[in-house]
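# Structural characterization, general
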Amino acid sequence: MSSRPEPDWARAYRTVTAVWLLGKALTLAVNAVTFPRLRPAPVPPGGPRVSILIPARNEAANLPVTLPGVLAQGAHEVLVLDDRSDDGTGDVARRLGARVIPGVARPDSWHGKPWACQQLLRAASGDVLIFTDADVTWHPGALGGLLRELHASGADLLSVQPRQSNVTPGERLLTPLVDAAVLSYFPFPLLRMTPPHPLATIANGQVMAYRRAALTRVGGYAAVRDQVLEDTVMARKLGQLGLRVSTVMGQECIGVRMYRSYPDSVAGFGKNALPIHLNSRAFMLASVALHVAGHTMPWLLPLPNRNALRAASLLERLAVNLIAGRRTPADLAEGLLGPVTPLLALPVMARALRRRVSWKGRQYRQ
């Protein structure tokens, strides 16, 4: 007895998802070999004058954990911009030994973080300006390693993908997708093209190291004053000027604990999801559909030869974590979340569809 022929829709579905997953797998393989990693190094004597600049809004809980490591790096100056906090952020930073700049009222035409960074730019004296978030942890040798990579890459802007530190189960559901978005969609050789293609230009605002001349040439943070995704937009603007943009994984040098729960992850990613999808709601919804089709539906549909698709949905997050240097048993077990990850991300997309998003007490129109 011959088996029933596979329906046309099933064949088309299996082909599209297989091609998409194969493309992501090839990108991961390329990045496993080519994506640069920071390695600890001493700060070179006689090197450039370095300013480490921290925009901080209500970060009194994070700074005691992260600021001592920044202060120990050996930079010429560490400046903290107290962005009109109401939790004593400025006092905490002063007690720890940083120079604190009180933030002034934000002009209506500016978003919060670009305005904070612009104030830091005006106050900084360094030749290399490193903007880093208050929840980012700098380990010994990080600054030396970053300066070495900045020199080796010849970049005018070098951003860092900090290694994710996830403690609670809720943090592990979505936060590691930051690494997945970079490592499975952007082959590093493509990121190094000069001039870069706008769609192959990325940056991570958690750590952005500029040569001062490049940031001055683009017009400072005024160039991205009204952008929620100011990091990637800034990278594109630098590329349009013929300047070189690169990125590196933080590995054991630079880490971050972004969000403390699943709801925090939904709120945080919800403000960025639409800009990441080029401010196109249609593109964002198509991306959601593709991820559900590729990672979730193979476990629900009675398709022939579905085991390969199921395996891919489990192995992708595992591969991402291995490349990113997250290799504890709990980190590797996150691969089991692959089939349900698109469903967990649905509240993020629902939030991103709104006309206004909120972050740290401020409202932004999309």
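The name recorded for the chain in an unreviewed UniProt entry is Glycosyl transferase, from Deinococcus grandis.

Here we come to the overall build of the chain. A tally of helices and strands in the chain yields 16 helices and twelve strands. Taken over C-alpha atoms, the radius of gyration comes to 21 Å for the chain, in line with the 21 Å a tight globule of 366 residues would show. Its C-alpha atoms give the chain principal-axis dimensions of roughly 80 × 40 × 40 Å. Buried residues in the chain amount to 54% of all 366 residues. Residue pairs in contact within the chain that sit at least 24 positions apart in sequence constitute 78% of those at least 6 positions apart. Accessible surface for the chain amounts to roughly 16,100 Å². Of this, 60% is attributable to carbon and sulfur atoms.

Right, let's get into the pattern of salt bridges. Summed over the entire model, instances satisfying the criterion amount to ten salt bridges. For the salt bridge of Arg 257 with Glu 171, the shortest nitrogen-to-oxygen distance reads 2.7 Å. With Arg 257 in the loop between strand E10 (254–256) and helix H11 (262–276) and Glu 171 in helix H6 (residues 169–174), the pair connects residues that are 86 residues apart, well separated along the chain. Residue classification places Arg 257 among the partly exposed positions, given a relative accessible area of 22%. For Glu 171, a relative accessible area of 0% gives the class buried. Between Arg 172 and Asp 331 there is a salt bridge; the shortest N-O distance is 2.8 Å. Highlighted residues: Arg 172 in helix H6 and Asp 331 in helix H14 (residues 329–333), separated in sequence by 159 residues. Neither Arg 172 nor Asp 331 differs from the other in exposure class; each is buried. Salt bridges here are not isolated pairs; linked through shared partners, they connect Arg 172, Arg 317, Arg 326, Asp 331 and Glu 334.

Not every positive phi belongs to a glycine, and Leu 278 is a case in point at roughly 60°. Among the secondary structure elements, Leu 278 is positioned in the loop between H11 and helix H12 (281–296). Phi at Asn 279 is positive, roughly 60°, even though this residue is not glycine. The residue Asn 279 is located in the loop between H11 and H12 in this model.

For the rest of this paragraph, the subject is the domain arrangement of the chain. Entries for the chain in the domain assignment read domain 1 (8–34 + 262–353) and domain 2 (50–162 + 204–256). Averaged C-alpha coordinates put domain 1 and domain 2 at centres separated by 30 Å. Taken over both partners, the interface formed by domain 1 and domain 2 buries close to 500 Å², and the fraction arising from carbon and sulfur atoms is 64%. Our count for the contact surface shared by domain 1 and domain 2 stands at zero salt bridges. Counting the contacts that link domain 1 with domain 2 gives one residue pair in polar contact (both at pLDDT 80 or more). Looking at the side of domain 1 that touches domain 2, the elements that each hand over two or more residues are H11 and helix H13 (307–324). The leading source of residues in the side of domain 1 that touches domain 2 is H11, at four residues. When grouped by side-chain class, the residues that make up the side of domain 1 that touches domain 2 number five nonpolar, two polar and one charged.

Among the secondary structure elements, Val 256 is positioned in strand E10. For the pair formed by Val 256 and Asn 166, sequence separation is 90 residues and the distance between their alpha carbons is 8.7 Å. Filtering out sequence-adjacent residues up to four positions away, Val 256 remains in contact with Asp 135, Val 136, Pro 162, Arg 163, Gln 164, Ser 165 and Gln 206.

With that settled, consider the packing of helix H2 (residues 63–71) against helix H3 (residues 89–96). Geometry of a packed helix pair, given as the angle between the helix axes and the separation of the axes. At a minimum axis distance of 10 Å, the contact between H2 and H3 shows a crossing angle of 40°. Comparing their axes, H3 and H2 come out oblique. Along this stretch, H2 crosses H3, giving a crossing that reads as right-handed. Two secondary-structure elements touch here, H2 through Leu 63, Pro 64, Leu 67, Pro 68 and Leu 71 and H3 through Thr 89, Val 92, Ala 93 and Leu 96. Partitioning the contact of H2 with H3 into residue classes produces eight nonpolar, one polar and no charged.

This brings us to the environment of Tyr 185. Residue placement: Tyr 185 occurs in the loop between helix H7 (177–183) and helix H8 (188–191). The sequence separation of Tyr 185 and Leu 28 amounts to 157 residues, and the corresponding C-alpha distance is 8.0 Å. When sequence neighbours within four positions are dropped, the list of residues in contact with Tyr 185 reads Trp 20, Lys 24, Thr 27, Ala 180 and His 291. Within the structure, Tyr 185 has its side chain in polar contact with the side chain of His 291 (distance 3.0 Å).

Before going further, it helps to examine the sheet that holds strand E4 (residues 128–132). An order of E3-E2-E1-E4-E8-E6-E9 is seen for the seven strands of this open sheet, with the pairing classed as mixed. Two strands lie at the open edges of the sheet, namely strand E3 (99–102) and strand E9 (245–249), each paired on one side alone. Direction aside, neighbouring strands of the sheet carry axes that sit 20° apart on average.

The subject of this paragraph is helix H10 (residues 230–240). Within H10, eight of the eleven residues are buried, which leaves the element mostly enclosed by the surrounding structure. In this structure, the buried side of H10 is in contact with helix H4 (112–123), strand E6 (157–161), strand E8 (207–211), helix H9 (212–218) and E9. Just past H10, the residue Gly 242 takes up positive phi, approximately 85°.

Analysis parameters
- Residues numbered from 1 in each chain as written.
- Predicted model: local features only at pLDDT ≥ 70, side-chain atom pairs only at ≥ 80, totals over all residues.
- Heavy atoms only, no water.
- Helix = DSSP H or I, 4+ residues; strand = E, 2+ residues; numbered from the N terminus.
- Rg over C-alpha atoms; globule rule 2.2 N^0.38 Å.
- Buried < 20%, exposed > 50% of the residue type's maximum accessible area, 1.4 Å probe, protein only.
- Contact = heavy atoms within 4.5 Å.
- Areas by Shrake-Rupley, 256 points an atom, 1.4 Å probe, with all protein chains shown as cover.
- Salt bridge = Lys/Arg side-chain N within 4 Å of Asp/Glu carboxyl O.
- Domains from an automatic or database assignment.
- Buried area = accessible area lost by both parts, 1.4 Å probe.
- Polar contact = N/O pair within 3.5 Å; in protein donor to acceptor, adjacent residues only side chain to side chain.
- Nonpolar A, V, L, I, M, F, W, Y, C, P; charged D, E, K, R; others polar.
- Axes fitted to C-alpha atoms, helices over the stretch in contact; angles between N-to-C directions.
- Parallel < 35°, antiparallel > 145°, perpendicular 65-115°, else oblique.
- Left-handed = near helix turned anticlockwise from the far one by under 90°.
- Pairing = 2+ DSSP bridges.

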